[in-house]
Amino acid sequence: MRTILVIEDEFDVQQVLADVLRDEGYEVSVCGNGREALACLRKQRPDLVIMDMMMPILSGLQVLEELEKSPDLKDVPVILMSETALPASEPRRWRVLLRKPFRLEQLLEAVARVSPGGASAGSR
């Protein structure tokens, strides 16, 4: 079974995403901010991270920077969720960018693209 870590500070959104993914057969853990996420990631490496960009304590971009520094975590695929456009100068450290609001079908399609045997990574 594939494991997914959902990092989202809005509890309702976090729970909807987790429920949908669990219904699809994934094992899902959740975190509410970037600092908590880094602690979770150091304890158990997931197969995929789905993360909001704008969060308290550490933003999604700050978490991505920390992941890149860790040899054990730098290759974990990330689906980044954002309400705003990202600066063109921002290094691309994620596999898929989902612009909020998105449909749950779009989330599942993104997860399938990032999964082994799915379509090529790096899609937007």
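So, here is what we can say about the structure in this document. (Residues numbered from 1 in each chain as written. Predicted model: local features only at pLDDT ≥ 70, side-chain atom pairs only at ≥ 80, totals over all residues. Heavy atoms only, no water.)

## Looking at the pairing of strand S3 (residues 48-52)
Test applied: Here's how the labels work: a residue is buried when its accessible area is under 20% of the maximum for its type, exposed when over 50%, partly exposed in between, all with a 1.4 Å probe on protein chains only. Note on conventions: DSSP H or I runs of at least 4 residues are helices, E runs of at least 2 residues are strands, and numbering of each starts at the N terminus. Pairing between strands requires that DSSP locate at least two bridges from one strand to the other.
The buried count for S3 comes to five of five residues, which makes it a mostly enclosed element. Of the two faces of S3, the one carrying Leu48, Ile50 and Asp52 and the one carrying Val49 and Met51 are both buried. Two strands pair when backbone bridges link them, and strand S1 (residues 3-7) and S3 are joined in this way by four bridges, in the parallel orientation. Paired with Val6 across the two strands is Ile50, which belongs to S3. Here S3 runs beside strand S4 (residues 78-82); their pairing, made up of four bridges, is parallel. For Asp52, the partnering residue across the bridge sits in S4 and is Met81.

## Some points on the sheet that holds S1
By way of backbone hydrogen bonds, the strands of a sheet pair with one another, either parallel or antiparallel. Selection rule: Lines are fitted to the C-alpha atoms to define the axes, a helix being fitted only along its stretch in contact, and any angle between axes, read from their N-to-C directions, falls within 0 to 180 degrees.
The five strands are arranged S2-S1-S3-S4-S5 in an open sheet whose pairing can be described as parallel. Of all the strands in the sheet, the pair left with one neighbour each is strand S2 (27-31) and strand S5 (96-99). Across the sheet, the mean angle from the axis of one strand to that of its neighbour is 20°, orientation sign disregarded.

## Brief notes about the nonpolar core
The condition is simple: Only buried residues count toward a nonpolar core, which is a set of Ala, Val, Leu, Ile, Met, Phe, Trp, Tyr and Cys residues joined through side-chain atoms within 4.5 Å. Here, residues are in contact when the closest pair of their heavy atoms is within 4.5 Å.
Membership of the largest hydrophobic core comes to 21 residues, with the highest contact counts inside it found for Ile7, Val49, Met51, Leu64, Leu80 and Trp94. Within the residue set of this core, elements represented by two or more residues are S1, helix H2 (34-43), S3, helix H3 (60-69) and S4. No other element matches the four residues that H3 contributes to this core. In contact with Ile7, other than residues within four places in its own chain, are Cys31, Asn33, Ala37, Val49, Ile50, Met51, Asp52, Met55 and Met81. Grouped together as the second largest cluster of nonpolar side chains are 18 residues, Leu17, Leu21, Val96 and Leu98 included.

## Side note on unusual backbone geometry
For the peptide bond that leads from Lys100 to Pro101, omega is -5°, which places it in the cis range. Counting through the fold element by element, Pro101 comes out in the loop between S5 and helix H4 (104-114). The backbone of Ile57 shows a phi angle near 70°, a positive value even though the residue is not glycine. Along the chain, Ile57 falls in the loop between S3 and H3.

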